[in-house]
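Notes for the structure review
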Amino acid sequence: MNFNYSNIVLQDISPSWLPDNIQAAMLRLDLLHPEVSGNKWFKLKYNLEAAGKRTILTFGGAYSNHIAATAAACKLAGLPAIGIIRGERPANLSHTLQQAIADGMQLEFISREAYRQKGTTNWHTHYPDAHIIPEGGNNEAGARGCRDILSLADTSSFTHILCATGTGTTLAGLISSAMPHQQVQGYVVLKGAEYLKEQVAQLTQGTNWQLVHDHHGGGYAKTSPELISFINNFYRETKIPLDVVYTGKLVRGFSQSRFPPGSKILLIHTGGLQGNLSLTPGILTF
Ligand SMILES: *Cc1c(COP(=O)(O)O)cnc(C)c1O
């Protein structure tokens, strides 16, 4: 299975807060596919290839973009899929999980404690045939798929490449494929995620990169009225929708950071817009 990448565009942006001596553009991975949007596809593609015709088994929380993308991609590829979901089954399923079920994914809810042990659990006892993809697609195949992102457009003239970082898999793929004159920066969306430095270094040999830890906005999936209004203003000025967990924090973090005059900044829009469906309707203007 493969996608037609022609929907993905490289779009110049000039929001009002951008300094005159800095150029910026966004690589719109969010336009890839309505459900398999963004970086998740690139992390999945070699993982799905390795599965052959086996059932895919993977992991995530109730709002996980990875669960949403895996369910939709497996449906398109005709592969059976099992989602191991963190926490007891709630009375009302999130939009993400309802859509995953509609896409044919079988869900199994496990306690938070059991979820923490998932890395050492022998899933093959219950699912002998399954091909296991780690949470967030965080493995070598995931990072390898993300090496293709920078060749979706001519990105050679950018001085800095910025992406939102959760597991660091996408960042690792970008680092491995960036040119020597390019600095790659991961804007971390989790609080206190110092372990990421090691985790990223295990997936790439590159050295031109940094993690930026000051823009998680209080921690993973924490929002604020200020973040929401930043996202709404950015949409008004650029017509680009951002999500509240990842890309909103990336772009807001970028707006609060300084770069040398003449820098050309490439922001990777990693998608994830399905996550906005968990917000109170109407608080985002798009
Ligand atoms: C999952 C996700 C990320 C984080 O990607 P990692 O490879 O885990 O660092 C960034 N942006 C969006 C929209 C995501 O869904």
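Residues numbered from 1 in each chain as written. Predicted model: local features only at pLDDT ≥ 70, side-chain atom pairs only at ≥ 80, totals over all residues. Heavy atoms only, no water.

Some remarks on the pattern of salt bridges
Filter applied, for reference: Salt-bridge detection follows one rule: a side-chain nitrogen of Lys or Arg within 4 Å of a carboxyl oxygen of Asp or Glu. Each helix is a run of DSSP H or I of at least 4 residues and each strand a run of E of at least 2, with the numbering of both proceeding from the N terminus. Exposure classes here rest on a 1.4 Å probe applied to the protein chains alone. A residue is buried below 20% of its type maximum, exposed above 50%, and partly exposed in between.
Applying the stated criterion across every chain, the model contains seven salt bridges. Between Glu135 and Lys118 there is a salt bridge, with the nearest N and O atoms lying 3.5 Å from each other. Of the two residues, Glu135 sits in the loop between β6 (131-132) and α5 (140-145) while Lys118 sits in the loop between α4 (112-116) and β6, which places them 17 residues apart along the sequence. The exposure class of Glu135 is partly exposed, given its relative accessible area of 32%. The partner of Arg144 in a salt bridge is Glu140, with the nearest N and O atoms 2.9 Å apart. In this pair, Arg144 and Glu140 are both assigned in helix α5, four residues apart and thus about one turn of the helix distant.

Regarding the sheet that holds strand β10 (residues 264-269)
Selection criterion: Only strands joined by at least two bridges in the DSSP assignment are considered to pair. Whenever a helix is involved, its axis is fitted only over the stretch in contact; in every case the axis is a line through C-alpha atoms, and angles between N-to-C directions fall within 0 to 180 degrees. Any two residues having at least one pair of non-hydrogen atoms within 4.5 Å are treated as being in contact.
With mixed pairing, six strands are arranged side by side in an open sheet as β1-β2-β10-β7-β8-β9. Because the sheet does not close on itself, it has two edges, and the strands there are β1 (10-13) and β9 (209-212). On average, adjacent strands in this sheet sit at an angle of 25° to one another, irrespective of strand direction. Against the sheet, helix α6 (residues 169-177) makes contact with β7 (160-165), β8 (183-188), β9 and β10, and its axis sits at roughly 175° relative to β8, the strand it touches most.

Quick notes on the UniProt feature "active site" (unreviewed entry) in the chain
To be explicit about the condition: UniProt positions are given in the numbering used here, feature names are shortened, and annotations may be inferred rather than shown by experiment.
Within the UniProt annotation, "active site" (unreviewed entry) is assigned to Ser64. Along the chain, Ser64 falls in the loop between β3 (56-60) and α2 (65-77). When near neighbours in sequence (up to four residues on either side) are disregarded, Ser64 contacts Thr96 and Gln274.

Some points on the sheet that holds β3
Strand order in the open sheet formed by four strands is β5-β4-β3-β6, and the pairing between neighbours is parallel. A single partner strand is all that each edge strand has here, and the edge strands are β5 (106-110) and β6. The sheet contact formed by strand β4 (residues 81-86) and β5 spans five bridges and is parallel. Looking at the pairing, Gly83 lines up with Leu107 of β5. Where α2 meets the sheet, it contacts β3 and β4, and its direction lies at approximately 160° from that of β3.

Looking at the UniProt feature "domain: Tryptophan synthase beta chain-like PALP" (unreviewed entry) in the chain
Those residues carrying the UniProt feature "domain: Tryptophan synthase beta chain-like PALP" (unreviewed entry) are residues 29-271 in this numbering. Counting secondary structure, residues 29-271 comes out at 34% helix and 16% strand; the distance between its end C-alpha atoms is 6 Å.

Details of the domain arrangement of the chain
To keep it simple, the criterion reads: Residue ranges assigned to each domain were obtained from an automatic or database domain assignment. Computed with a 1.4 Å rolling probe, the buried area is the accessible surface lost when two parts are put together, summed over both parts. Any residue that is not Ala, Val, Leu, Ile, Met, Phe, Trp, Tyr, Cys, Pro, Asp, Glu, Lys or Arg is counted as polar, Gly included; the first ten are nonpolar and the last four charged.
Looking at the chain, the domain boundaries give domain 1 (5-38 + 140-278) and domain 2 (39-137). Here the C-alpha centroids of domain 1 and domain 2 sit 24 Å apart. Domain 1 puts 27 residues into the contact, and the matching count from domain 2 is 23 residues. Buried surface at the junction of domain 1 and domain 2, both sides included, amounts to about 2000 Å², of which 58% is carbon and sulfur. By the criterion of area lost to domain 2, the three top residues of domain 1 are Glu35, Val36 and Gln274, representing 28% of everything that side buries. At the junction of domain 1 with domain 2, the criterion picks out one salt bridge. Among the salt bridges present, the one from Lys45 reaches Asp148, with a minimum N-O distance of 2.5 Å. Of all the secondary-structure elements, those providing two or more residues to the side of domain 1 that touches domain 2 are α5 and α6. Element by element, the count of residues in the side of domain 1 that touches domain 2 is highest for α5, at four residues. Looking at side-chain class alone, the side of domain 1 that touches domain 2 contains 11 nonpolar, 13 polar and three charged residues.

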